[in-house]
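# Summary of the model geometry
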Amino acid sequence: MRLILLLLAGIFVNNYIFSQFLGICPFLGVSKKVETAAGMGVAVIFVIVLACAATYFVYNLVLVRFGIEYLYTIAFILVIAALVQFVEMFIKKSSPSLYQALGVYLPLITTNCAVLGVAVTNMQNGYNFIESIVNGIGGAGGFTLAIVLFAGIRERIEFNDIPKSFEGFPIALIGAGIMSVSFLGFSGLIKL
Amino acid sequence: MNKNLTVLRDGILFDNPVLIQVVGMCATLATSTSIINGAGMGFSTMAVLVGSNVVISLLRKFIPDTVRIPCFIVVIASFVTIVQLILQAYLPAINDALGLFIPLIVVNCIILARAEGFASKNNWIASLFDGLGNGLGFTAVLVIMGAVRELLGSGTILGMTIMPEAFPKTLLLIMAPGAFFTLGIFMAIFKKLAKKPVSEDEE
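Residues numbered from 1 in each chain as written. Chains lettered and ligands numbered in written order. Predicted model: local features only at pLDDT ≥ 70, side-chain atom pairs only at ≥ 80, totals over all residues. Heavy atoms only, no water.

## Concerning the packing of aromatic side chains
For the record, the criterion: What counts as a ring pair is set by centres within 6.5 Å for rings of Phe, Tyr and Trp (its six-membered ring), and what kind of pair is set by the plane angle: stacked under 30 degrees, edge-to-face over 60, tilted for all other angles.
Under the defined criterion, the tally for this structure stands at 13 aromatic pairs over all chains. Ring pairs connect the aromatic residues F12, F18, F21, F27, F150, F183 and F186 of chain A together with F180 of chain B, which therefore count as one cluster.

## Things to note about the interface of chain B and chain A
Just so we agree on the cut-off: Here, residues are in contact when the closest pair of their heavy atoms is within 4.5 Å. Using a 1.4 Å probe, buried area is obtained as the accessible area two parts lose upon being combined, added over both of them. Salt bridges are defined as contacts in which a side-chain nitrogen from Lys or Arg sits within 4 Å of a carboxyl oxygen from Asp or Glu. Any pair of nitrogen or oxygen atoms within 3.5 Å is treated as a polar contact; in protein, a donor-acceptor pairing is required on top of that, and neighbouring residues in sequence qualify only through side-chain atoms on both sides. The way it works is that DSSP assigns letters per residue, a run of H or I at least four long becomes a helix, a run of E at least two long becomes a strand, and they are numbered from the N terminus. Classification used: nonpolar for Ala, Val, Leu, Ile, Met, Phe, Trp, Tyr, Cys and Pro, charged for Asp, Glu, Lys and Arg, polar for all others including Gly.
Taken together, the contact pairs 38 residues of chain B with 41 residues of chain A. For the pair chain B and chain A, the summed buried area comes to about 3,400 Å², and 81% of that belongs to carbon and sulfur atoms. For the interface between chain B and chain A, the tally reads zero salt bridges. Inspection of the region where chain B meets chain A yields three residue pairs in polar contact (both at pLDDT 80 or more). Secondary-structure elements contributing two or more residues to the side of chain B that touches chain A are α2 (25-31), α4 (68-90), α6 (109-119) and α8 (176-193) of chain B. Per-element accounting of the side of chain B that touches chain A gives the leading share, twelve residues, to α8 of chain B. Partitioning the side of chain B that touches chain A into residue classes produces 29 nonpolar, five polar and four charged.

## Here we look at the environment of A75 of chain A
Residues and elements named next belong to chain A. The residue A75 is located in helix α5 (residues 72-94) in this model. On a C-alpha basis, the gap between A75 and F46 in space is 20 Å, while along the polypeptide they are 29 residues apart. Beyond its immediate chain neighbours, meaning those up to four positions away, A75 contacts V58 and L63.

## Digging into the pattern of salt bridges
Residue and element names in this part refer to chain B. Going by this rule: Accessibility here uses a 1.4 Å probe with only protein chains present; expressed as a share of the type maximum, an area under 20% marks a residue as buried, one over 50% as exposed, and anything in between as partly exposed.
Overall, the coordinates contain five salt bridges over all chains when judged by the stated rule. With a closest N to O distance of 3.9 Å, D65 and R68 form a salt bridge. Of the residues examined, D65 reaches a relative accessible area of 56% and is grouped as exposed. When its relative accessible area of 26% is taken as the criterion, R68 is described as partly exposed. The salt bridge involving R68 is made with E116; its shortest N-O contact spans 2.8 Å.

## Brief notes about the confidence of the model for chain A
What counts here: By definition, pLDDT measures how confident the predictor is in each residue, and it falls between 0 and 100.
When pLDDT is averaged along chain A, the result is 84; 96% of the residues meet or exceed 70. The secondary structure element of chain A with the lowest average pLDDT is helix α7 (residues 106-109) of chain A, at 73, and the one with the highest is helix α9 (residues 129-157) of chain A, at 90.

## Section: α8 of chain B
For clarity, the cut-off: Take the number of residues in a helix, subtract one, and multiply by 1.5 Å to get its expected span.
The end-to-end C-alpha separation of α8 of chain B is 27 Å, in line with the 26 Å expected for 18 residues at 1.5 Å each. Turning to α8 of chain B, its buried residues are A176, P177, G178, A179, F180, F181, T182, L183, G184, F186, M187 and A188 of chain B. Those residues of α8 of chain B that are buried lie in contact with α2 (16-20), α3 (24-29) and α10 (169-184) of chain A together with α2 and α7 (124-154) of chain B.

Below, the structure written as structure tokens:
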């Protein structure tokens, strides 16, 4: 039950984009078309789940064991960068069609703060292995939901008449703000 | 020297990291709830940016081209850890307020973008000025946004109440949506005012 709540909280209540501000760069960068947004979302879910598992083991088996927890920032970012590189090579070899679909987004994910963010959150909240994974799926699912919905809105904005100085990013941010208001409606729904 | 000042000015104004380059959005949106938080985040980022720019620029002849990104990230992450330990020791209140976003300076695109785009091609003095300029530009946006949101959202400046009791506080502004609205309006205003023709290349 707790795990289901954790998952739903990640997707709706603590949505990474609209309440935690994690992963805004790809959110604004690749949300011009619904298909590319969905591709990015899937790639992020994939990498975040792997990163949750990898950083969990690195933290508990290496950093805690040698008493160097304060180096977690360096350790986590290296693990994530290596992981993304490895995933990219692995997918390229094993499934060229998936590589075609995800390829361009994978390198971008290293600097997606949602990945490092979820790893650090798991560590700070002391989640166990299963909870870490579920938290990762929830967070990444929320990211995917947000970016796909937002891409749908942006596709429509393209055809609208907007004031000159609001074209591009400003109107996108205002749109994101309005979506964020609607996500506020979920707050307080789930208490962990 | 003149060139360095141009680099400094461009970082603050015409190439402002937030308003023109549109990088480092996560930190901007999340920590501009008040002046103190904005300044804390801005100066922490600036410290990391200046440090990593200088070190990367000094090492640029020794770092092989193929593994440069991991090398940059290690340098940046080291500086972030240093800043984080300093904040924990001397400014615990700011450290608690910024929380997760201190370790996340590592993935702030501003820093990697300056390392890759500037420090790896220029000498260390120019890189120092580039770091200062971009850092100040980033801090300025955070502080101004923090001031607007703090004033309209809770009626205070630096924690002191300055609006009269009857002033309707726009609570929305210090919550998550307010960050998006404020930044969107700021960008629109800046676009209107910036003299140098702004190239319209949003990714």
